[in-house]
Amino acid sequence: MGRKESALFGVLVLLILLGGFLAVSYGSWWIDKQDVVRILLAKCGLYDGPIDRVASTIVWDGRMPRLVAAFLVGFSLATAGAIMQGVFKNPMASPGVIGISSGAALGAVIALYLGLAARSLFLLPLSSILFALITLALVFIIATSRGHTSISTLLLAGIALNLIFGALTSFVITLSTRGFDVGRVIVTWLMGDLNNRSWEHVQIVLPTTLLGLAATLFFVKDLNILMIGEETATNLGVNIRLARNMLLLASSVMTGGAIAVSGVIGFVGLLAPHMVRGLIGPDNRKLIPLAGLLGAVFVIYADLFVRLVVQVDLKIGILTSLMGGPFFLYLIIRYRNRFEYL
């Protein structure tokens, strides 16, 4: 890792540690930093002195799982975005733009409406991941002709599926208004929210994050070669179809797992990879993990902002969309003459 990458890694880690400290210390009940350290050490078996039980419950059972979930969600969404931008060789590609986020959201909403999430916490992410994979397959089928995938068609297909899935989601919400509690849960969840997240939610997103990251790192060298060109990749012995499918599968699994926990948090997968690429270059071996860390920073601080700063019930998804929407318009203007075929 070069000097730039090391410096960026250090800054991101410091930001995550600072954000984590603020997240577990501050809130409606302020907890002293020394108490926070004692509680965390006690939970790790490194301290056996007296601790405040109420503060321990707030820190360990309330704020820590929310912090860990925010980290994993941000890391997953940014990593998925970096993968898609590399596979499609386009900085405008991301789970939200090509419809995967909307598909995953529809799957989760259906699971909520049918009461599957109440039967088992893990049926929600399974439904979300399944619909994410279906969406990916649909987009790829629509955009591919004679072995070539048109980037412009890919983005247009994503826009169309976003509209279709958005309409279907609205229809499910309309049906769910007959049960007020279910409708309220669905609407709140669609805005992107980390309220009341527990260690069970961490257990949902942690496996999808680790599985997706492991598959990504396994094929990351192939991804770098694919970005040069398919002919070069073939000459170097890369199994193009296997590498591309596994990378997109990994990104869909991470997206589905993240959305199942946090709801729809848009544009993290667009912003983080693009910013990191501008700082350290396109080498995905460095880009993907650093983009993941920057995505985690985005979500952690967005959650801190909506929890500690604003006085209204602002959701994380609304905040990230307000940030990412103008950035996406900027990318459209900048790259409007540079659509190409894979």
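Parameters at a glance
Residues numbered from 1 in each chain as written. Predicted model: local features only at pLDDT ≥ 70, side-chain atom pairs only at ≥ 80, totals over all residues. Heavy atoms only, no water. Helix = DSSP H or I, 4+ residues; strand = E, 2+ residues; numbered from the N terminus. Rg over C-alpha atoms; globule rule 2.2 N^0.38 Å. Buried < 20%, exposed > 50% of the residue type's maximum accessible area, 1.4 Å probe, protein only. Contact = heavy atoms within 4.5 Å. Areas by Shrake-Rupley, 256 points an atom, 1.4 Å probe, with all protein chains shown as cover. Lys, Arg positive; Asp, Glu negative; His and termini not counted. Charge placed at Lys NZ, Arg CZ, Asp CG, Glu CD. Polar contact = N/O pair within 3.5 Å; in protein donor to acceptor, adjacent residues only side chain to side chain. Phe/Tyr/Trp six-rings, centres within 6.5 Å; stacked < 30°, edge-to-face > 60°. Axes fitted to C-alpha atoms, helices over the stretch in contact; angles between N-to-C directions. Parallel < 35°, antiparallel > 145°, perpendicular 65-115°, else oblique. Left-handed = near helix turned anticlockwise from the far one by under 90°. Nonpolar A, V, L, I, M, F, W, Y, C, P; charged D, E, K, R; others polar.

Draft legend 1. Fine view of the overall build of the protein. Tallying secondary structure elements over the protein gives 15 helices and 2 strands in all. Taken against the 2.2 N^0.38 rule, which gives 20 Å for 342 residues, the C-alpha radius of gyration of the protein at 20 Å falls within 12% of a compact globule. Oriented by its inertia axes, the alpha-carbon framework of the protein measures out at about 65 × 55 × 35 Å. Scored against the burial criterion, the 342 residues of the protein give a buried share of 50%. Taking contacts inside the protein between residues at least 6 apart in sequence as the whole, the part at least 24 apart equals 78%. Accessible surface for the protein amounts to roughly 16,200 Å². Of this, 66% is attributable to carbon and sulfur atoms. For the protein, the distance from the average position of its 25 positive side-chain charges to the average position of its 16 negative side-chain charges is 7 Å.

Draft legend 2. Just the side chain of T255, in detail. For T255, the position within the fold is in helix α12 (residues 240–262). Judged by relative accessible area, T255 falls into the buried class, the value being 0%. Here S251 takes part through its backbone oxygen, which lies 2.8 Å from a polar atom of the side chain of T255. Setting aside its immediate chain neighbours within four residues, T255 contacts L77, A80, P95, I100 and S101.

Draft legend 3. Molecular detail of the environment of V109. Within the fold, V109 resides in helix α4 (residues 100–113). On a C-alpha basis, the gap between V109 and L130 in space is 13 Å, while along the polypeptide they are 21 residues apart.

Draft legend 4. A look at the packing of aromatic side chains. Inspection of the entire model under this criterion finds 5 aromatic pairs. Ring centres 5.0 Å apart and planes at 80° place the aromatic pair F218 and F219 in the edge-to-face group.

Draft legend 5. Inspection of the packing of helix α3 (residues 53–87) against helix α9 (residues 199–218) at higher detail. Here α3 crosses α9 at 25°, and the two axes come no closer than 9 Å. In terms of orientation, α3 lies roughly parallel with respect to α9. Here α3 and α9 pass one another in a crossing that is left-handed. Contacts between α3 and α9 pair W60, D61, M64, P65, V68, A69, L72, V73, F75, S76 and I83 from the former with W199, V202, V205, L206, T209, L213 and T216 from the latter. Of the residues that constitute the contact of α3 with α9, the class distribution is 14 nonpolar, 3 polar and 1 charged.

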